[in-house]
Amino acid sequence: MDRLRIEGQHILRGEVPLSGSKNAALPILISALLCKGKTVFHRVPNLSDIETTCQLLKILGCHVEWAHSTQTCHVDATHLNSIEAPYDLVRTMRASILVLAPLLARHGEAKVSLPGGCAIGTRPVDYHIQVLEALGATFDLEGGYVHGKIKGAFRPAEYTFPFPSVGATETALMAAATANGKSLFKNVAREPEIRALGNFLISLGAKIKGLGSPEIQVQGIPMANLNTKPAAHTIIPDRIEAATYWLAGLITKGSVTTEIAAEDVQSVLDALHLAGAKISHLGNGKIEVSYTGKINPVSVRTEPFPGFPTDVQAQWMALMTQANGAATIAETIFENRFMHVPELQRLGAHLKIRGNRVDVSGVTPLQGATVMATDLRASASLVIAALAAKGETNIRRIYHLDRGYEDLCGKLRLLGAHIIREPESSQ
Ligand code: EPU
């Protein structure tokens, strides 16, 4: 297992290239199962979650060729030969539940291991099941597996989500894209990754209206007519990666530029502006975030898009340890997403958990220490804090970072960070 060694207090400056979005790539690669043919994906990030997705597609019968050097992934789903997503894969990547809809559309049957809880919460899959039931599927629970069946094709339906779940909205879109008629979904997720999946399904032939709004209409087309010619798709840049590097730059009193659509990260840019950062739109979609001499305390509350993203909550907490005063961070999406708190405290942060809120008092001088990564975004917050800490920080269990940040070390070094990755056993 590898660890990161970071020597803090070096200013980050420059431009960082963004990888393709993990959370857009996962559902879109999985939706290739709907295509009885070949699809090529561009800007596919080199991440362990993508590797897991490719393994899953292969187990289901796809031929997959992923070239890391060109960030290109070819998926040929002409011949599928399995209906089952096994426990060993699903437990490492919860997004595997997304195969339910395309497998039901292709085979009329699907078996997917129940993911179980994870480090950030219980994360049930009931909305996925409910929306597929509304579209005509039936389900049993057998030996830890959800076993779904459907007679013929999905039928069009109207369904209102109890909460705008990203994954369940993706399930609904994939299923309804093959339904014989028009479906209407209300209170859907509005994240840019939903828009990206919708656009890919449109390119396959589905008619989808309302992407990015709380209501989506899907006019499905029969499987036989979906994607009659080879499809191609380019994954959108990773907005969470962009936010992570901006915060990393700001905490070191530096300046970081990335190329990303402002509307995909507006809530983060608004919070950064309130925190005193200078936001410069440089043209060509490039946005520079620079330190201006102070970091103001800014309280945030995570919300579904367009609100402040839960995937930036941990990183924001790290930044607020260096703000000039007290801020409160409220987490409303996941019930247990404060695993980074005790680790940030080991670096000297003054944090107090009160239910789903954390009070952060700044400015706190941080001091390097050995800390443990617990989940993807928690790990990113430790990296950000370590960049501001005096002395050296060792971050262990960094395989969490490999799930969602392509070449984190290389990109941070490009910006001027003193960071190395090495096997845990070396001194
Ligand atoms: N929920 C249910 N039932 C369901 C589905 C969701 O109760 O059937 C609850 C969840 O337990 C959670 C809330 O609804 O409390 C939101 O979950 P959502 O379904 O929106 O999340 P997800 O699809 O499982 C995706 C991202 C997460 C990101 C969330 C929220 C992917 C692969 N994952 O998860 O990304 O935090 O949306 O934006 O797209 C990450 O990248 O670090 C990450 C965790």
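Note that the coordinates shown come from a computational prediction; the quantities given were computed from them, not determined experimentally.

**Here we look at empty space enclosed by the protein**
- Enumeration according to the criterion identifies two cavities of 30 Å³ or more in this entry.
- Of the voids in this model, the largest cavity is the one considered here, and its volume is about 50 Å³.
- What lines the largest cavity is simply Thr244, Tyr245, Ala248, Ala380, Val383, Ile384, Leu387, Leu401, Tyr405, Leu408 and Leu412.
- The biggest single contributor to the lining of the largest cavity is helix H12 (residues 376–388), with four residues.
- Looking at the lining of the largest cavity, its residues break down into ten nonpolar, one polar and no charged.
- Put simply, the second largest cavity is a space of about 30 Å³.
- If you trace the second largest cavity, you find it lined by Ser19, Gly20, Pro45, Leu47, Asp238, Glu241, Gly404, Tyr405 and Glu406.

**Brief notes about the nonpolar core**
- Ranked by internal contacts, the top residues of the largest apolar core, which has 78 residues, are Phe154 and Phe185.
- What phenylalanine 154 contacts, discounting residues up to four positions off in sequence, is Ala101, Leu104, Ala105, Leu132, Leu135, Ala137, Ala175, Thr178, Ala179 and Asn180.
- Grouped together as the second largest cluster of nonpolar side chains are 71 residues, Leu18, Phe338, Leu382 and Cys409 included.

**Points about the pattern of salt bridges**
- Inspection of the entire model under this criterion finds 17 salt bridges.
- The partner of aspartate 264 in a salt bridge is arginine 195, and the shortest N-O contact between them spans 3.2 Å. Here aspartate 264 is found in the loop between strand S15 (255–259) and helix H9 (266–274), whereas its partner arginine 195 is found in helix H7 (residues 192–204), with 69 residues between them in sequence.
- For aspartate 264, a relative accessible area of 10% gives the class buried.
- Sharing partners across several salt bridges, the network here consists of Arg3, Arg5, Glu392 and Glu422.

**What about the domain arrangement of the protein?**
- On domain assignment, one finds that the protein holds domain 1 (2–18 + 237–423) and domain 2 (22–234).
- Across the boundary between the two partners, domain 1 contributes 23 residues, which contact 23 residues of domain 2.
- For the pair domain 1 and domain 2, the two sides together bury roughly 1900 Å², of which 50% comes from carbon and sulfur.
- On the domain 1 side of the contact with domain 2, Phe305, Arg403 and Glu406 bury the most area, a combined 32% of that side's loss.

**As for the site of the ligand**
- Around the ligand sit 22 residues, and of these Asp126, Ser165, Asp311, Ile333 and Arg377 come closest.
- Asparagine 23 is positioned with one of its side-chain polar atoms (N or O) 3.0 Å from an oxygen atom of the ligand.
- Interatomic distance of 2.7 Å between a side-chain N/O atom of aspartate 126 and a nitrogen atom of the ligand.
- Protein contacts shield 86% of the accessible area of the ligand, which totals 830 Å² for the unbound molecule.
- Breaking the shell around the ligand down by element, the ones donating at least two residues are helix H1 (22–31), helix H5 (126–134), helix H6 (166–176) and H12.
- Residue classes in the shell around the ligand are distributed as eleven nonpolar, five polar and six charged.
- Both of domain 1 (2–18 + 237–423) and domain 2 (22–234) provide at least three residues apiece to the shell around the ligand.

**Re the pairing of strand S23 (residues 392–396)**
- Bridging between strand S1 (residues 2–7) and S23 involves four bridges; their strand directions are antiparallel. In the sheet register, glutamate 7 faces S23, and the bridge partner there is glutamate 392.
- For strand S22 (residues 370–372) and S23, the ladder comprises three bridges, and the chain directions are parallel. Pairing of valine 371 across the sheet is with isoleucine 395, part of S23.
- At this point the chain moves from S22, through H12, to the parallel S23, and the crossover so formed is right-handed.

**Let's talk about H9**
- Along H9, the residues classified as buried are Ser267, Val268, Leu269, Ala271 and Leu272.
- Tucked inside the fold, the buried residues of H9 contact helix H8 (239–251), strand S16 (278–283), strand S17 (286–290), strand S18 (300–301) and helix H10 (313–320).

**Observations regarding the sheet that holds S15**
- One open sheet accounts for four strands, arranged S2-S15-S17-S16; its pairing is mixed. The open sheet has two free edges, formed respectively by strand S2 (13–15) and S16, since each of these has just one partner strand. The sheet shows a mean angle of 15° between the axes of neighbouring strands, direction not considered.
- Pairing geometry for S16 and S17, over five bridges, is antiparallel. Bridge pairing in S17 links glycine 283 to lysine 286.

About the criteria used
- Residues numbered from 1 in each chain as written.
- Predicted model: local features only at pLDDT ≥ 70, side-chain atom pairs only at ≥ 80, totals over all residues.
- Heavy atoms only, no water.
- 1 Å grid on protein atoms, 1.4 Å probe; cavity = no way out; pocket = protein on both sides within 12 Å on 5 of 7 lines; lining within 4 Å.
- Points joined across faces, edges and corners; volume = space filled by probe spheres on them.
- Helix = DSSP H or I, 4+ residues; strand = E, 2+ residues; numbered from the N terminus.
- Nonpolar A, V, L, I, M, F, W, Y, C, P; charged D, E, K, R; others polar.
- Core = buried A, V, L, I, M, F, W, Y, C linked by side-chain atoms within 4.5 Å.
- Buried < 20%, exposed > 50% of the residue type's maximum accessible area, 1.4 Å probe, protein only.
- Contact = heavy atoms within 4.5 Å.
- Salt bridge = Lys/Arg side-chain N within 4 Å of Asp/Glu carboxyl O.
- Domains from an automatic or database assignment.
- Buried area = accessible area lost by both parts, 1.4 Å probe.
- Near = heavy atom within 4 Å.
- Polar contact = N/O pair within 3.5 Å; in protein donor to acceptor, adjacent residues only side chain to side chain.
- Areas by Shrake-Rupley, 256 points an atom, 1.4 Å probe, with all protein chains shown as cover.
- Pairing = 2+ DSSP bridges.
- Right-handed = clockwise from strand over helix to strand, strands pointing away.
- Axes fitted to C-alpha atoms, helices over the stretch in contact; angles between N-to-C directions.

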